[in-house]
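The residues making up each chain are set out below.
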Amino acid sequence: MTCAVNLVPVAYRLSRARARRRRAWTFVCAATGVLVLLGAAVTQTARTLVVQLRGRVAGLEQQRLDVQRQIVALAAQRTTQLAELERVAAARRPQPWPRRFVALTETLPDGVFLTEIEIRPAAGGVPTPNLRTAVPPATDTERLVQQVRVLGYARGHDDLLQFVNALREQPGWRHVELARSRIEPWQGADIVAFELAGHAAEDEP
């Protein structure tokens, strides 16, 4: 039987145990401090990143508003330019009606006089060709068609028919038809009140 005797003094052993505990606590405290400092650094970094991201978001939002304002301004400028182009195009568009009125008065029979000529855009675009007018179909450049309404009086149906035929032969006129006619008394005689309906190409002399 072997006996072992620990000859190390008890005080020394207790001192070593206390030293080990101190080292352990020191390590734990140091690790805790490092973790606390690391957490504080991460929190500060996160706050800094959040502030930076908010600044970038605000900057991007301001850029978006600036771009949106520029788009609105460009759209308004485009609308203004289109309106200006339309005015210029309207000013440069041929104006055939003064020549047509002169030609109309020159071909007007003696027994016919006019009281009203009404011109407005045709609602249906280019009308269906009339075989009696012997006019070729409208081309793509003749799609600006106007509806014409002519009111007047004639001494008789022969004068009215002569006027209708003369009007159909005028350049630019399309599909001239007698819309209505009636006999009315005038200064002891009967005259024919009539209304003609037709179409005219706006861009044709």
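For the structure itself, consult the block above.
Residues numbered from 1 in each chain as written. Predicted model: local features only at pLDDT ≥ 70, side-chain atom pairs only at ≥ 80, totals over all residues. Heavy atoms only, no water.

S.K.: Just give me the short version of the overall build of the protein, but keep the residues and values in it.
M.R.: Looking only at helices and strands, the protein has three helices and four strands in total. Counting from the amino terminus, helix and strand elements in the protein follow one another as α-α-β-β-α-β-β. A separation threshold of at least 6 residues defines the contact pool for the protein, and within that pool the share at least 24 residues apart is 73%. Carbon together with sulfur atoms contributes 61% to the accessible area of the protein, which is approximately 15200 Å² in total. (Helix = DSSP H or I, 4+ residues; strand = E, 2+ residues; numbered from the N terminus. Contact = heavy atoms within 4.5 Å. Areas by Shrake-Rupley, 256 points an atom, 1.4 Å probe, with all protein chains shown as cover.)

S.K.: Describe the nonpolar core, naming the residues involved and giving the relevant values.
M.R.: Among the nonpolar cores identified, the biggest contains 16 residues, and F163, L167, F194 and L196 are the most heavily contacted of them. Those elements that place two or more of their residues in this core are α2 (97–107), β2 (145–154), α3 (157–168), β3 (173–186) and β4 (189–201). If near-sequence neighbours (up to four positions away) are discounted, L167 is found in contact with L104, W173, V176 and L196. (Core = buried A, V, L, I, M, F, W, Y, C linked by side-chain atoms within 4.5 Å. Buried < 20%, exposed > 50% of the residue type's maximum accessible area, 1.4 Å probe, protein only.)

S.K.: Talk me through the packing of aromatic side chains; I want residue IDs and the actual numbers.
M.R.: Within the structure shown, the criterion is met by two aromatic pairs. The interplanar angle of 50° and the centroid separation of 6.1 Å between the aromatic rings of F163 and F194 together place this pair among those described as tilted. Of this pair, F163 sits in helix α3 while F194 sits in strand β4, and the two are 31 residues apart along the sequence. Taking the relative accessible area as the measure of exposure, F163 reaches 1% and is therefore buried. Residue F194 is classed as buried on the basis of its relative accessible area, which comes to 2%. (Phe/Tyr/Trp six-rings, centres within 6.5 Å; stacked < 30°, edge-to-face > 60°.)

S.K.: I'd like a rundown of the pairing of β3, residues and numbers included.
M.R.: As judged from the eleven bridges shared by β3 and β4, these two strands associate in the antiparallel manner. Looking at β4, one finds that L178 is bridged to L196. What sits between the antiparallel neighbours β3 and β4 is a turn of two residues, in which Q187 has the positive phi angle 50°. (Pairing = 2+ DSSP bridges.)

S.K.: Let's hear about α3: which residues, and what values?
M.R.: Between its first and last C-alpha, α3 extends 16 Å over twelve residues, near the 16 Å set by a 1.5 Å rise per residue. Buried residues of α3: D159, L160, F163, V164, A166, L167 and R168, and no others. The inward-facing, buried residues of α3 abut α2, β1 (112–121), β2, β3 and β4. (Expected span 1.5 Å × (residues − 1).)

S.K.: How would you sum up the environment of R174? Please name residues and give values.
M.R.: Tracing the backbone shows R174 in strand β3. For the pair formed by R174 and H199, sequence separation is 25 residues and the distance between their alpha carbons is 4.8 Å.

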